[in-house]
Amino acid sequence: MTRLALSGGAYETRSVIAAAQKCMNLYAESLPTGNKYTGSSGIEEPAQFAYYPTPGLRRLNTLPQNGVRAIKQATTGGIYAVAGSGVYRIDPSTWAGTLLGSVTTGHRTPVSMQDNGLMMAIVDGSPYGWSIDLTNDTFAQIADPTGMFSGADVVQYLDTYLLFNKPKTPQFYSSDSLSLKFDPLWFANKQSFSDLLVTLAVAKREIWLLGDRTSEVWYNSGKPDFTFEEQPGTFVDHGCCAKYSAAVYDNSVFWLSRDRQGRGFVIQGAGYQTKRISTHAIEQELAGYETLNDAIGFCYGIAGHAFYVLTFPKADRTWVYDIVTGLWHEWAWIDSNGDEHRHRANCCYPVNDTIVVGDWQNGNLYALDRNVYTDDGQPIKRVRAFPHILNDGNRVFYRQFVADIDTGTGGGEVIEQTLLRTTFTASDNTLLQDYVFDADVGLPWTVVSGTAHIVNNQLFGPTGAAEYRATALMAGPDYVLTFKAIPTDYGTVPESVDVYAVARSGYKVTISADGAQYWVQLAVIGGVSTSIAMGTIPSGHYAVTLRLQGETITLSVQRTSDSLWLRGDGVWATSASNAITVNDDTHPAPGQVSIGGTW
Amino acid sequence: MAYDLQLVQINTNLGGLNRANTAWGLPVDTDFHTLLMSYWMCGPWHAGPGTPGSPGIWLSTTDFIDFTGVSSPSIILTNQSRPSTTPIFSGDFPNPLPTAPLGCLLHFLVSVDTHAQIVQVYVNDQPVTVTGTWAGTPPYDFNVNDGSNVWQWNVSGVVSTGIHPALGDAWITNPPAFVDLSVVTNRRKFISSTYTPVDLGDTGTAPFGYQPALYMSVRPGGVPADILLNRGVGGGTWNVNGGTPPSFQTDGVCLAIPPPPPRPPAGLALDDVMVRTIPTPPCQIFLSWSDDRGHSYGSPVGQPMGSLGEYRTFCQWARLGYARDRIFKLEWSCPRPTALQGGWVELTAAKT
């Protein structure tokens, strides 16, 4: 058979008859060839490239407000994020957010954060700025009696100074050294050309002032008053068309360009030189977008690859440039209809050993994880289209096609199986420890504490508390536990009663009543717990489902009186949804299943 | 035929089981297949006619069912409007009948198939064997609508004004078919006056021995109007002997209907605890191809990627047709580590 080699990245040309190479959610890695790596031709691998899956998303936690706009770990170790208008301190173990304060409300564009070792400065493109005292997390609006501080789109750090662009002017300005105070004379204009300053980036201790049409490089010359000066001879004839597209990796600055001739190149600037890294295929793709100005860029590195990620919110697409291989791929998130959208990541920062990204739409924080093959449970579609096959214009009969792909690496390990089923089909007052029923699975139940009996084919009472443990063994840690919680009197909400089930010996779901309404609670035994009020129910029951898959524990509740589902905000909705989701690794083992209640 | 209880009610008031048939327009004059009756009576049985003062009541329904005494209550079914005519069936209940606690009610469910000549009787949902004799040859002309006679149930030998609709209903089937009461669901297809399903069994929401709910037939696919037409008045009041209608006449003890069972205290019950595995989906990879130079692709064709450890799995697609310019495309979404290195293709070039 003839090998169909793959070598490039995503390359779909203006006319697909030239090239239609789709490369989605796969990145290429070159393999040893004789000439390049070994100097000999004797041990070359048969394929030139292998295409590996892009990392998946493992949810860490959810911030209360939607749209994560920035995530940053301060140089002192503290983790901070902005979601919606809320500025949060992030717990490094639970990834839960504590609200510190608010930036301008109503914006969804990226927020820039940078610290100087003492203070974290936050700017959001408005005329205002905020600071966090890194010693005690005190949040405050930046107050500058000199009037120099006038807000910024971006804040960067260089040589103890915090640098800000002054929006819609050619100016940038700096704070005092190791301070968030300002000197009214510490500013300068981008000066080599008359265009406005769009954004700035610091790489290799130099400031790249990216203008509307052109760019220039400044450095710390140490001169009195304003310490920065333009580096002579470094004028760059490429400006920037999207202020949030600039990102830095190593000594390179990446951005989406606009210059005096056109726009839409992706540029890599390094060592006073610029290089066009976009291909014709990428450029023709970008040319079809309604706008490029909203592009958001960031870089991340994983497994020897460094990627420049460029997301176009309005076009709903994300493209990624592999800085190491120079190849592009598309990074897409698939909705439940199978439609492709921009990737969920809106911002990115490495926190300790985890690359954390924030969701553009909701408050989720995720880890980018090479060993996760879903986007927080949502399948990731990998697509690779091959080059055209032509035989001098003659027709070709295709006898067979074989994919050169790694197989047998997973899937089908666990079959669908009922490990436990208890219907409580027994005459009244049968004690649960005496309960047997041939059609059930996984009996008997053993007493942990107290006793409970069966009434009306349900576990109910008598007065007091009881807990039972299932003797059925769980085959693995991933399983789904379901049960029904049934009020025995719909006219009266009881008080101080509950029923519950425990999975993995550590995740407890409780339905309780307080005399006024019913509640659901998911508790990590030895950890956090979350409760939601459920109101009352006129008939039927609450159908509770606890799904344990890896570190993701999800709880959903449906009430059968009207088939609505409980949402996390306590509202009952028609579409199926999870009420509570917890990411937790406290109880990774299969453990045991228990049930109990207070009657 | 497989029969799903499909009934047309003759009349909500058994005491007026007569001319109302005209309004229903039933072809009962020519033939009827099954007569179904559901009614409640007090127990235990009276010792017999003319023995006042004994607890309970004594019933005689001379037109349809005749309980002629505790020793040998019988069913008599006539094919004419007068009880004096020859019955088409005359039969006896076993002795003794099931008993109900003093002052409680027994539920009778009777199905009579005149074609197959079957009589089924269930008392308190328990089958009761009726032995008897059929006369003549079916089909029987069951003339209800003669306009001159009143079909009645006799209570204690006294022609009453009938059993209150709260206490009984009767139906014939339409289309003609047999309502087989040995099928449990056929004994259960009743609803109460509040339209809620009623289980006639002794574990249902209206247990035997307790004040009966109002029962009525439900035709499959019936519309609310049917329910309203067939609905009785519900409840039911019992009077001592000689009281004003509805005069379900008793010697008085039947009034001692026990109070409803105590409701369980308000609380939460746990039910249907289940644990299921989360199956790992078997993985597939899909191949599609474009023969129009990349403008469109055909339907993807899947191949298994093997379960864990099946490293020798070969993802192969055969007999792929011919094309002048082809682009292959691979797609997969399995949550597993994969690596794609390209592919192989076996092809034969044509001369044109």
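See the structure printed just above.
What you see is a predicted model, and the numbers here were worked out from it, not measured in a lab. (Residues numbered from 1 in each chain as written. Chains lettered and ligands numbered in written order. Predicted model: local features only at pLDDT ≥ 70, side-chain atom pairs only at ≥ 80, totals over all residues. Heavy atoms only, no water.)

(A) Just the overall build of chain A, in detail. Check the secondary structure of chain A and you find two helices and 59 strands. Relative to its full complement of 599 residues, chain A shows a buried share of 54%. A separation of at least 24 residues holds for 51% of the contacts in chain A among residues at least 6 apart in sequence. Carbon and sulfur atoms form 48% of the exposed surface of chain A, whose accessible area is close to 23,900 Å². (Helix = DSSP H or I, 4+ residues; strand = E, 2+ residues; numbered from the N terminus. Buried < 20%, exposed > 50% of the residue type's maximum accessible area, 1.4 Å probe, protein only. Contact = heavy atoms within 4.5 Å. Areas by Shrake-Rupley, 256 points an atom, 1.4 Å probe, with all protein chains shown as cover.)

(B) Focus on the sheet that holds strand β19 (residues 182-189) of chain A. All names here are of chain A. If you walk across this open sheet you meet the four strands as β16-β17-β18-β19, and the pairing is antiparallel. Two strands lie at the open edges of the sheet, namely β16 (155-158) and β19, each paired on one side alone. Strand-to-strand twist in this sheet, taken as the mean axis angle between neighbours without regard to direction, amounts to 30°. Direction of pairing for strand β17 (residues 161-165) relative to strand β18 (residues 171-175): antiparallel, over a ladder of three bridges. Within β18, the position partnered with phenylalanine 164 by the bridge is tyrosine 173. (Pairing = 2+ DSSP bridges. Axes fitted to C-alpha atoms, helices over the stretch in contact; angles between N-to-C directions.)

(C) The interface of chain B and chain A, seen in detail. Counting residues at the interface gives 75 residues for chain B, matched by 98 residues for chain A. Around 8,600 Å² of area is buried between chain B and chain A when both sides are counted, 58% of it from carbon and sulfur atoms. When the area that chain B buries against chain A is broken down by residue, the three leading residues are Leu268(B), Leu270(B) and Trp344(B), summing to 11%. On the surface where chain B and chain A come into contact, there are two salt bridges. Note that Asp272(B) is salt-bridged to Lys484(A), the shortest N-O span being 2.6 Å. In this structure, the connection of chain B to chain A is made through 47 residue pairs in polar contact (both at pLDDT 80 or more). (Buried area = accessible area lost by both parts, 1.4 Å probe. Salt bridge = Lys/Arg side-chain N within 4 Å of Asp/Glu carboxyl O. Polar contact = N/O pair within 3.5 Å; in protein donor to acceptor, adjacent residues only side chain to side chain.)

(D) Summary view of the packing of aromatic side chains. All names here are of chain A. The tally for this structure, following the rule as stated, stands at 29 aromatic pairs over all chains. Taking 5.5 Å as the distance between ring centres and 90° as the angle between the ring planes, the aromatic pair formed by phenylalanine 149 and phenylalanine 164 counts as edge-to-face. On the criterion of sequence distance, the pair formed by phenylalanine 149 in the loop between β15 (139-141) and β16 and phenylalanine 164 in strand β17 is long-range, its members being 15 residues apart. Assigned by exposure class, phenylalanine 149 and phenylalanine 164 land together as buried. Summarising the aromatic geometry, the rings of phenylalanine 254 and tyrosine 308 are spaced 5.1 Å apart at their centres and angled 25° between planes, so their arrangement reads as stacked. (Phe/Tyr/Trp six-rings, centres within 6.5 Å; stacked < 30°, edge-to-face > 60°.)

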